[in-house]
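Take a look at the letters that make up each chain.
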Amino acid sequence: MSVDPQSTPQSMSRPAAVTVLGLGPMGRALAGAFLAAGVRTTVWNRTPGRGAELVERGTIPAASVAEAVAASPLTVVCLVDYDATDAVLRQDAVEAALKGRVLVNLSADTPGRARDTGRWAEEHGIRYLDGAIMTPAGTIGSPDGVFLFSGPSELYEESRALLGALGGTHTHLGEDVGRAAAYDIALLDIFWTAMAGFTHALALADAEGVSPRELAPFAAGIARILPPIFDEFAGDVEDGTYSGAVNPLTSAVSTMAHVVHAAEAHAIDSGVMRAAEGLARRTVALGHGADGFSRIAEVLRRR
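Thresholds applied
Residues numbered from 1 in each chain as written. Predicted model: local features only at pLDDT ≥ 70, side-chain atom pairs only at ≥ 80, totals over all residues. Heavy atoms only, no water. Helix = DSSP H or I, 4+ residues; strand = E, 2+ residues; numbered from the N terminus. Buried < 20%, exposed > 50% of the residue type's maximum accessible area, 1.4 Å probe, protein only. Contact = heavy atoms within 4.5 Å. Areas by Shrake-Rupley, 256 points an atom, 1.4 Å probe, with all protein chains shown as cover. Lys, Arg positive; Asp, Glu negative; His and termini not counted. Charge placed at Lys NZ, Arg CZ, Asp CG, Glu CD. Phe/Tyr/Trp six-rings, centres within 6.5 Å; stacked < 30°, edge-to-face > 60°. Expected span 1.5 Å × (residues − 1).

Structural notes on the overall build of the protein
Point 1. If you tally the helices and strands in the protein, you get 12 helices and nine strands.
Point 2. Its C-alpha atoms give the protein principal-axis dimensions of roughly 60 × 40 × 35 Å.
Point 3. Within the protein, the fraction of its 303 residues that count as buried is 42%.
Point 4. For the protein, long-range pairs separated by at least 24 residues make up 66% of all intrachain contacts whose partners lie at least 6 apart in sequence.
Point 5. When the accessible surface of the protein is split by element, carbon and sulfur atoms take 59% of a total near 15,200 Å².
Point 6. Taken as two groups, the 24 positive and 35 negative side-chain charges of the protein have centres that lie 3 Å from each other.

See below:
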């Protein structure tokens, strides 16, 4: 795995042209970043007119997907999921136009779907990289963007110059084309469960007379203690130690129960916290009450 520094238009030469398929908020941001870097940018979107502002700035609209991919040596596709990319790409004319060219898929889906797309690309002579964007559309073209890629390392190195126009940091995660999606779903798991916890906390606090803005600085304090806990848990799980010396699972179960009881006293749905509490209680019942919360990761992997 290689972590690449930010690539800038000034520091690296790049191919003369790129195609972007899909002009949702993220696709428009990608096309705009390429255009701002001086790259000839062809665009296509299923719904006509969505890229009007980009066309005014200088992108070239294509009448069809096949025409769009034929216009550039490298195509970036950014659609809602791989059902959408399959519908757009798996057509005879498009497959023929893509043959021998580079396809970088920045759509989101599962690792299995990424590997399936990699096999399809190989069968049709398409040079394929899978990728994930880990930051919002507003970060594209800035130092704050975070991009993950997986697939053939030589193809990634060949494509780095052009992809550098997107700004931010770029990490190649390995030859297995599904690894970018694997990182993506694991990181989204953290994000969305954290967002569920925060919105639940806002509702609970508000029910107790604590306004969202009053709570927010203290919530930020909780966020600041998480990075070292992440490192500790990662070591526990990888090494199989699961230390509960500081906070054993039996103690964690008690505090989670307090949250559930307080919320449900206000008729606030506590399904997410009840699920977490249930996992902790099951782990305790298996004889791991003296272990740390990280033991749950091992229990979840049991069949």
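A closer look at the packing of aromatic side chains
Point 1. Evaluated as defined, the whole model comprises three aromatic pairs.
Point 2. Residues Phe191 and Trp192 carry aromatic rings whose centres are separated by 4.8 Å and whose planes lie at 80 degrees to one another, so their mutual orientation is edge-to-face.
Point 3. With a relative accessible area of 39%, Phe191 lands in the partly exposed category.
Point 4. The exposure class of Trp192 is exposed, given its relative accessible area of 55%.

Let's talk about helix α1 (residues 25–36)
Point 1. The terminal C-alpha atoms of α1, which comprises 12 residues, lie 16 Å apart, in line with the 16 Å expected from a rise of 1.5 Å per residue.
Point 2. Here α1 lies mainly inside the structure; nine of its 12 residues are buried.
Point 3. Among the residues of α1, Met26, Gly27, Ala29, Leu30, Ala31, Gly32, Ala33, Phe34 and Leu35 are the ones counted as buried.
Point 4. Note on α1: the residue one or two positions beyond its end, Gly38, has a positive phi of about 85 degrees.

Purely spatial values, then, with no claim about function.
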